[in-house]
Amino acid sequence: MNRIRLAVIGAGAIGRKHIDVINQTPQAELVALADPSTQAENLAKDLGVAWYADINEMLDNEKPQGVINATPNTLHVPCAIACVERGIPVLVEKPVAESAERAQQLVDAANRHGVPVLVGHHRRHNALTAAAKKLIDSGELGNIVAVSAHWILQKPDDYFDVSWRREPGAGPLLVNLVHDIDLLRYLLGEINKVQAMTSNATRGFANEDSAVVNLRFASGALGSAVLSDCGVSPWSWEMNSAENEVYAHAPENCYLISGSKGALAMPQMRWWRYGEQSGWHAPLLQETLNIEAIDPFILQLRHFLQVIRGEVAPIIDANDALKSLKVIDAIRRVSLNAA
C-alpha cells in the first residue's frame, strides 16, 4: 500500500507529537516540515525530511497529500487556508482559530473549495470518550441533569518563555477549556447559555490564569467548569486519562456526569446506579468500565488518513469546532462584564 505523504507545519511540542505519531503509522510518511526556526531546521535534518521556512514554498514544492497544522493559535487560519486553496486536506490543531470571526473565514474557505478540514480535538478519538458517549446515548444514565468539569494544572514557568503564551488568546480558556467544552458538547449536546468569572491575579499576564464557568445545555442540563493553569491539583484530563505520557498520571476523575438513572465519573469510567431500590437511603451500585487504552493521537491520525482518502467525513470539522469556539467567546465576553 502506498503511504500517504504528509507535511507538518510547526515544530513546537504538539508538532513534534504529531511527527512521532506519523513515524509510528505505517500508512503515513512525513515528507516535509515547515517552521522558520533553527530548531525546526535541525529537526528536519535529523528526520531526513525537507525543511522550509515558508509554508507556501513547502506546499508548492512538496505537494503533500495532507498537512498537519500545529502552529500558534493566530496562525491556524492562514496556514489552513493556504492548504485548502491548494486542495490539500488539513488537520488544524485546536483551537481552530483565536476568534470565531477568524474561524468563520476557514469554514467559508473549506466550503468554497470543497476541501475537508479536521480539527485536532483529539479527545473525541479517545476510547474513553467513545465508551462514555455509548453509555450516555443508550439511556442508561437517564436524562442528564448536571455535569462538573475540572481542569487545574500548574504549568511550569518555562512554558511561558514563549511570548505568545503570555498574550490575549493564549490563556487556559482558549488553549485548555476549549477541549473540555468540545467534549461536553460532543457528549451532552449544545450549550446555549454561560456565566463566568476569570482572574489573572497569580501570573499577572495579559490573559487569564484561572476561571469559573457555569453552563446551560439545550437539553436543560446544567454544568460547571473550574480551570487554572497555576494551581496544584490532581484533577485534569491530561493527568487523569493517562493518554499522554509526558504528564504525570493521577488516577482521579475530572468529569462528574449525573443523570436521572445513573452517574459516570470520567476518565476512570466509574458507573454508579441504583439496584431495586432508589433514593438516598438505598446503596449505590458501582461498576468500572474496562476500556483498552490507545493513544488518541494515533486514532486521530488514522481517521485523518481516511479523510484524505475520501472514505469518511471529519469527525469534527471547522464548522463544528467553531461552535465550541463561540462558547469560549461567550465565556470571555461575560467574564469581562463580571469583572
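Calculation criteria
- Residues numbered from 1 in each chain as written.
- Predicted model: local features only at pLDDT ≥ 70, side-chain atom pairs only at ≥ 80, totals over all residues.
- Heavy atoms only, no water.
- Axes fitted to C-alpha atoms, helices over the stretch in contact; angles between N-to-C directions.
- Helix = DSSP H or I, 4+ residues; strand = E, 2+ residues; numbered from the N terminus.
- Parallel < 35°, antiparallel > 145°, perpendicular 65-115°, else oblique.
- Contact = heavy atoms within 4.5 Å.
- Nonpolar A, V, L, I, M, F, W, Y, C, P; charged D, E, K, R; others polar.
- Pairing = 2+ DSSP bridges.
- Buried < 20%, exposed > 50% of the residue type's maximum accessible area, 1.4 Å probe, protein only.
- Right-handed = clockwise from strand over helix to strand, strands pointing away.

**Q** Would you mind going over the packing of helix 1 (residues 13-23) against helix 2 (residues 38-47) in detail, with residue names and values included?
**A** Interaxial distance between helix 1 and helix 2 falls to 13 Å at its minimum, and their mutual angle equals 10 degrees. Comparing their axes, helix 2 and helix 1 come out roughly parallel. Two secondary-structure elements touch here, helix 1 through Arg-16, Ile-19 and Asn-23 and helix 2 through Gln-39, Leu-43 and Leu-47. Its residues assigned to classes, the contact of helix 1 with helix 2 comprises three nonpolar, two polar and one charged.

**Q** An account of the sheet that holds strand 14 (residues 284-288) is requested, with residue identities and associated values reported.
**A** Spatially, eight strands are ordered 8-9-10-7-11-12-13-14 in an open sheet, and the strand pairing comes out mixed. Edge positions in the open sheet fall to strand 8 (191-199) and strand 14, since each of these has one partner strand only. Each adjacent strand pair in this sheet contributes to an overall mean axis angle of 10 degrees, direction not counted. In this structure, strand 9 (residues 210-217) lies alongside strand 10 (residues 222-228), joined through seven bridges in antiparallel fashion. Note that in strand 10 the partner of Leu-215 across the bridge is Gly-223.

**Q** Just give me the short version of the pairing of strand 5 (residues 90-93), but keep the residues and values in it.
**A** The alternating pattern of strand 5 places Val-90 and Val-92 and Leu-91 and Glu-93 on opposite faces, both of which are buried. Bridge count for strand 4 (residues 66-69) against strand 5 is three bridges, and the pairing is parallel. In the strand pairing of strand 5, Asn-69 is matched with Val-92. The parallel pair strand 4 and strand 5, bridged by helix 4 (residues 76-84), forms a crossover whose chirality is right-handed. The parallel pair strand 5 and strand 6 (residues 117-120) is bridged by helix 5 (residues 100-113), and the resulting crossover is right-handed.

**Q** Kindly report on unusual backbone geometry, identifying the contributing residues and their values.
**A** Of note, the amide linkage connecting Lys-94 to Pro-95 takes the cis form, showing an omega dihedral of -10 degrees. Inspection of the secondary structure puts Pro-95 in the loop between strand 5 and helix 5. Omega for the peptide link from Met-266 to Pro-267 comes to 5 degrees, which places this bond in the cis form. With respect to the helices and strands, Pro-267 occurs in the loop between strand 12 (262-266) and strand 13 (270-274). Of note, Met-269 is a non-glycine position whose phi angle comes to about 60 degrees, a positive value. With respect to the secondary-structure elements, Met-269 resides in the loop between strand 12 and strand 13. Of the residues examined, Met-269 reaches a relative accessible area of 1% and is grouped as buried.

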